[in-house]
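# Coordinate inspection notes
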Amino acid sequence: MKILVLHGPNLNLLGKREPGIYGRTTLEEINAQLLALAKELNVELKIVQSNHEGVIVDEIQQAARDCQGILINPAAYTHTSVAIRDALAAVNLPAVEIHLSNIHAREEFRRVSLTAPVVTAQICGLGADGYLWGLRALVRIVRQESKIK
Ligand code: DQA
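Presented here is a report on the structure given in the accompanying data block. For every chain, the first residue of its written sequence is number 1, and the numbers climb from 1 along that sequence. Totals for whole chains, interfaces and linings use all residues, but because this is a predicted model, local features are given only for residues with pLDDT of at least 70 and pairs of side-chain atoms are given and counted only at 80 or more. To obtain the side-chain values, all non-hydrogen atoms of the structure were included, while hydrogens and water were left out.

## Notes on unusual backbone geometry
A positive phi angle, near 65°, is found at asparagine 42, a position not held by glycine. As for its position among the elements, asparagine 42 is in the loop between helix 2 (27–41) and strand 2 (44–49). Burial classification: accessible surface area is computed with a 1.4 Å probe over protein chains only, and a residue below 20% of its type maximum counts as buried, one above 50% as exposed, and the rest as partly exposed. What makes asparagine 42 exposed here is its relative accessible area of 59%. Helix and strand assignments follow DSSP, with helices taken as H or I runs no shorter than four residues and strands as E runs no shorter than two, numbered in order from the N terminus.

Structure, rendered in structure tokens:
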């Protein structure tokens, strides 16, 4: 089983970026934790971070060809991108949306997620741990759906 892990804009700055909101864990540390968990779960990961909406759309489309699930933090595009929402809806793969912060407890504009209605589940407010819970959940969902081991 192969899972696409997609990190959206500005997440490359994690660790330094507004640590009071997003924590001090860097993206490299999150990715290392995800890779360790993936090894334990016996799944393969493709990890991509991009600040560009079109690249994220391209990666989602490519996932339909070579991945069985998507773990995505669309970051600011969560609140604005019809294109990313449409790509997720089009590929129709199990997908879990992650946010480090609790977007529902923040500014009004962050409380709306354009992507949430087209993914399987949303996890927010658990910081970096949310990615690990999300990967565990996604692998269970894909295994249940497809019986892939
Ligand atoms: C975020 C929340 C978004 O509102 C914000 O634009 C981000 C990160 C989160 O992980 O909490 O860049 O997706």
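## Regarding the site of the ligand
The ligand sits among Arg17, Tyr22, Asn73, Ala75, Ala76, His79, His99, Leu100, Ser101, Ile103 and Arg110. Note that an oxygen atom of the ligand is positioned 2.8 Å from one of the side-chain N or O atoms of histidine 99. For the ligand, an oxygen atom lies 2.8 Å from a polar atom in the side chain of arginine 110. Contact with the protein chains covers 99% of the free accessible surface of the ligand, which is 320 Å². Taken together, the residues of the shell around the ligand sort by class into five nonpolar, four polar and two charged. Think of it this way: one heavy atom of a residue within 4 Å of a molecule or strand is enough to make that residue near it. Definition of a polar contact: a pair of N or O atoms within 3.5 Å, with one able to donate and the other able to accept a hydrogen when the atoms are protein atoms, and with sequence-neighbouring residues admitted only if both atoms are side-chain atoms. Using the Shrake-Rupley algorithm and a 1.4 Å probe, accessible areas are obtained, with residue cover drawn only from the displayed protein chains. In this count, Pro and Cys sit with the nonpolar residues alongside Ala, Val, Leu, Ile, Met, Phe, Trp and Tyr, while Asp, Glu, Lys and Arg are called charged and the others, Gly among them, polar.

## Looking at the pattern of salt bridges
Salt bridges are defined by distance alone: a side-chain nitrogen of Lys or Arg within 4 Å of a carboxyl oxygen of Asp or Glu. This structure, assessed with the given rule, holds five salt bridges. Linking glutamate 59 and lysine 46 is a salt bridge whose minimum nitrogen-to-oxygen distance equals 2.8 Å. Of this pair, glutamate 59 sits in helix 3 (residues 53–66) while lysine 46 sits in strand 2, and the two are 13 residues apart along the sequence. For the salt bridge of arginine 106 with glutamate 107, the shortest nitrogen-to-oxygen distance reads 3.7 Å. Among the residues examined, arginine 106 registers a relative accessible area of 14% and is labelled buried.

## Brief notes about the sheet that holds strand 1 (residues 2–7)
For two strands to count as paired, DSSP must find a minimum of two bridges between them. Taken together, the five strands give an open sheet; going across it, the order is 2-1-3-4-5, and neighbouring strands pair in parallel fashion. Strands at the two margins of the open sheet, each flanked by one partner only, are strand 2 and strand 5 (121–124). This sheet shows a mean twist of 15° between the axes of neighbouring strands, independent of strand direction. As paired strands, strand 1 and strand 3 (residues 69–73) are joined by five bridges and run parallel to one another. Considered in strand 3, the bridge of leucine 6 is made with isoleucine 72. The criterion used for residue contact is that any of the two residues' heavy atoms lie within 4.5 Å. Angles run from 0 to 180 degrees between N-to-C directions of axes, and those axes are lines fitted to C-alpha atoms, restricted for helices to the stretch in contact. Along the sheet, helix 2 contacts strand 1, strand 2 and strand 3; its crossing angle with strand 2, the most-contacted strand, is approximately 165°. Across the sheet, helix 5 (residues 129–146) is in contact with strand 1, strand 2, strand 3, strand 4 (95–99) and strand 5; its angle to strand 3 comes to roughly 160°.

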